[in-house]
Amino acid sequence: MSPDAPRILVVDDERQILRALKVVLREAGFEVVPAETASEALDRAAVRPPQAAIVDLVLPDGDGVEVTRELRKWSEMPILVLSAVGDEDQKVRALEAGADDYVTKPFGTRELVARLQAALRRAGRGSEEPVLAVEGLEVDLAARTVRRDGEPVHLTPIEFDLLRVLVRNRGRLMTHRALLSEVWGPEYVDDIQPLRTHIARLRAKIEPEGRPRYIVTDPGVGYRFSF
Amino acid sequence: MPRPFGFLLSPDPPPKRVGVVVAVALVGACTLIVYPLKQIAPVVSLGVVYLLAVLLVSATWGAWLGLATALLSALAFNFFHLPPVGNLTISDSSNWVALVAFVVAAGLASSVAEVTRGRAREAEERRREADLAAEMARLLLRGNSLREALPTAAARLAHALELPSAAIELEAVEGDERHVAFALREGASRLGTLVVPAGTPERDLRRLQERVVPALEALLSAALEREGLQGEVVETAALRRADVVKTALLRAVSHDLRSPLTAIATAGEALSLDGLEPQERWELAGVILEETRRLARLVDNLLDLSRLQAGAAEPRREWTSIEEVVRAALDELGGRESEWTLSIDRELPLVLADPTQLERAIVNVLENARRHSGGHPVSVRARAVRSIGGGEGKLIVRVVDRGPGIPPAQLERVFEPFYRAGTAGGGHRGSGLGLAIARGFTEANGGELHVESLPGQGATFVFELPLVSAQAEPGWDERPADAPDERPAQPRAGAGPDREA
């Protein structure tokens, strides 16, 4: 293991999962800081801040949402939550508490590693990057212009704002409430239907035919701009 | 409420012959009264005295006896008082007028009395019908079971209508030579039948058809609807309970299946990576084995619980060594020696129980204790105690952990399926099934399982298994386990004479 391998805090009360994850993440080039309880996790993170955290939602002395909220108070590190519950509400709570993404147990380790790397890339990228160009789509956030396959696309102000928020947070799962709050304002966080409508219009303008490629739906939770 | 003149206008007058006697007596009395009155009033005007008798008689016994009284009065008045006295001739024409006027007045008075009497009788009938309807409503709508209430209601109906018998059936019944049947309907649908004896007078039959049957139909329809609703309520409650159990099961399965699966999958993927130390490979293989065992136990528990809940856990009892059962349970749990301290008395008597079920019970209690013991060893003690009452005694197994203990309010709840004590530091790895299963199997084998705990000082789970007399002496190990008529004596120690035939 290289001495500058990114340190990942892994919080799970299942010792066996911890043991196996340690090997998997080490082989993917990370150094694991294991913790079995919420308080141990917060202690370890405070002593020597990790570059990212993977937090199980079910912990003996609290829950992962609480850990996420505490970490977010002082750190912008990417946080992935592990959920065994299959419960959308809990995922949403974790994302609203500041988690970047979630992975459902049982997960494939390749998926977990990919999500972790994506989150780390995003964190290292910095937020000011005015132009995004991915496979046939070009978004200039400063000039507020969008081109698809070189052709200019006309977006309404709301559609552009939606796209801007998604692109700025690309790779990150944005909950319905987060999108509504950013684009429409905090008083509209419960109006999911208009959000769906605008997402549909935005997709019609920028997505290729068929399955959406850029704006991916996470049913019951939100949307993410994938790249 | 008794009325001073209750016999007047009563629907049930005293017998007719009493009426005749009373009428004659009253006419006699009036005749006598007229004598002194003749001194102060003209005799022609005194016929009015007899009207009292006529009114009294016709109000009590009806118009016919009233008219007869009127005629008798006319004759008596004529004979005794109208001149010439002593015969039935009348000399003065004005006396004729008085007599005719009297007879007409008396006749009118009796028919008015008769009409009033009829009204009174009708009112009384209505009152009784109303009473009857109210009581029938109470019987049919308040009771728990409509079918049980029907005979009482029918008896009450027969009594009220003075019928020798009556029956209310919820089926369609045909009348025959001995019975008259009234169909009870609501709209087009048949609700049931009212059956009365064939000899019932025409008037009563008409009254039944016109007044009783419609009320009964309405009542019966309401009662049937109510019973239907009650049934639905019971059914809904049962479904809701089943739903709660199902949801709890799903949650338990969701967490308890996914966690070991995640560990197994992750360890499996880790094993496929290059560059692992031998020690790591060994550890990862251990992860897979242990988590597989855990999954298998969960599946066993789910099956056990469904068996227990379906009442399909009939124990196959045989002479069983508790020490062997405890050791088998420890084997099944795996883990390190240092997790347990064992203290089992030598030469413990055997118990008559299903060894497999006992092992399931003990495995679950041990697993629970290990989970909550916070890394401290769990102590398992077994000994036999004689019952104070001179009975057969019990075998007691105590499983003591040094975990956080159980608050008093949760002592019994921990045995409920899917209940998980949510205390800090307790971990979440239990499915919430184990203790329910342990208690179920212990009780199925005639034993008891309870828990003692002081919060902060750990918990002690206590199995009490009945000892049966046949094996109080040593050497019973050789007793064949599958003797066909092997029935345990009373499972509880000291519980009176045994039942062996």
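Scroll up for the structure.
All figures in this text were calculated on a predicted structure; none of them were measured in a lab.

Peer 1: Which residues make up the interface of chain B and chain A, and what values go with them?
Peer 2: Between chain B and chain A, the residue contacts involve 27 residues of the former and 23 residues of the latter. Counting the surface lost from both chain B and chain A, the interface buries some 2100 Å², and carbon and sulfur atoms represent 58% of this. When the buried surface of chain B facing chain A is broken down by residue, R258, T262 and T266 of chain B rank first, second and third, together holding 24% of it. Our enumeration of links across chain B and chain A arrives at three salt bridges. Put simply, E280 of chain B and R26 of chain A hold a salt bridge, and the shortest N to O gap is 2.3 Å. Counting the contacts that link chain B with chain A gives five residue pairs in polar contact (both at pLDDT 80 or more). Mapped onto the side of chain B that touches chain A, the elements with two or more residues apiece are α6 (202-271) and α7 (278-309) of chain B. Partitioned by chemical class, the residues of the side of chain B that touches chain A number nine nonpolar, nine polar and nine charged.

Peer 1: So what about a nonpolar patch on the surface? Which residues, and what values?
Peer 2: On the surface, L32, Y35, L75, F79, F80 and L88 of chain B cluster together into a nonpolar patch covering about 560 Å² of accessible area. Considering the arrangement of structural elements, one finds L32 of chain B in helix α1 (residues 16-37).

Peer 1: Can you tell me about the sheet that holds strand β12 (residues 174-175) of chain A, naming the residues and giving the values?
Peer 2: All names here are of chain A. With respect to topology, three strands assemble into an open sheet ordered β12-β14-β13, the strand pairing being antiparallel. Single-partner strands in this sheet number two, and they are β12 and β13 (215-218). Pairing analysis gives two bridges linking β12 to strand β14 (residues 222-225), with the strands arranged antiparallel. For M174, the partnering residue across the bridge sits in β14 and is Y223. Here helix α6 (residues 157-168) sits on the sheet in contact with β12, β13 and β14, set at roughly 70° to β14.

Peer 1: Account for helix α3 (residues 64-74) of chain A, with residues named and values stated.
Peer 2: All names here are of chain A. Here α3 has its buried residues at G64, V65, V67, T68, L71 and R72. All buried residues of α3 project into a common sector of 160° when viewed along the axis, lining one side. Residues of α3 that are buried in the fold lie against α2 (38-47), β3 (52-56), β4 (58-59), β5 (62-63), β6 (79-83) and α4 (88-96).

Peer 1: Break down the pattern of salt bridges for me, citing the residues and quoting the values.
Peer 2: Taken as a whole, this structure holds 52 salt bridges over all chains when the rule is applied. Salt-bridge contacts for R144 of chain A lead to D161 of chain A; the nearest nitrogen and oxygen are separated by 3.4 Å. Of the two residues, R144 of chain A is situated in the loop between β9 (137-140) and β10 (145-148) and D161 of chain A in helix α6; the sequence distance between them amounts to 17 residues. A relative accessible area of 42% means that R144 of chain A is categorised as partly exposed. Linking R370 of chain B and E339 of chain B is a salt bridge whose minimum nitrogen-to-oxygen distance equals 3.1 Å. Taken as a pair, R370 of chain B in helix α9 (residues 355-372) and E339 of chain B in the loop between α8 (322-333) and β5 (340-344) lie far apart in primary sequence, 31 residues in all. Classification of R370 of chain B as partly exposed rests on a relative accessible area of 24%. Bridged by salt links that share partners, the residues E122, E125, R126, E129, R203, D204, R207 and R211 of chain B form one connected network.

Cut-offs used in this document
Residues numbered from 1 in each chain as written. Chains lettered and ligands numbered in written order. Predicted model: local features only at pLDDT ≥ 70, side-chain atom pairs only at ≥ 80, totals over all residues. Heavy atoms only, no water. Contact = heavy atoms within 4.5 Å. Buried area = accessible area lost by both parts, 1.4 Å probe. Salt bridge = Lys/Arg side-chain N within 4 Å of Asp/Glu carboxyl O. Polar contact = N/O pair within 3.5 Å; in protein donor to acceptor, adjacent residues only side chain to side chain. Helix = DSSP H or I, 4+ residues; strand = E, 2+ residues; numbered from the N terminus. Nonpolar A, V, L, I, M, F, W, Y, C, P; charged D, E, K, R; others polar. Patch = residues over 30% accessible without salt bridge, like charges linked within 9 Å, V, L, I, M, F, W, Y side chains within 5 Å. Areas by Shrake-Rupley, 256 points an atom, 1.4 Å probe, with all protein chains shown as cover. Pairing = 2+ DSSP bridges. Axes fitted to C-alpha atoms, helices over the stretch in contact; angles between N-to-C directions. Buried < 20%, exposed > 50% of the residue type's maximum accessible area, 1.4 Å probe, protein only. Arc of directions from axis to C-beta.

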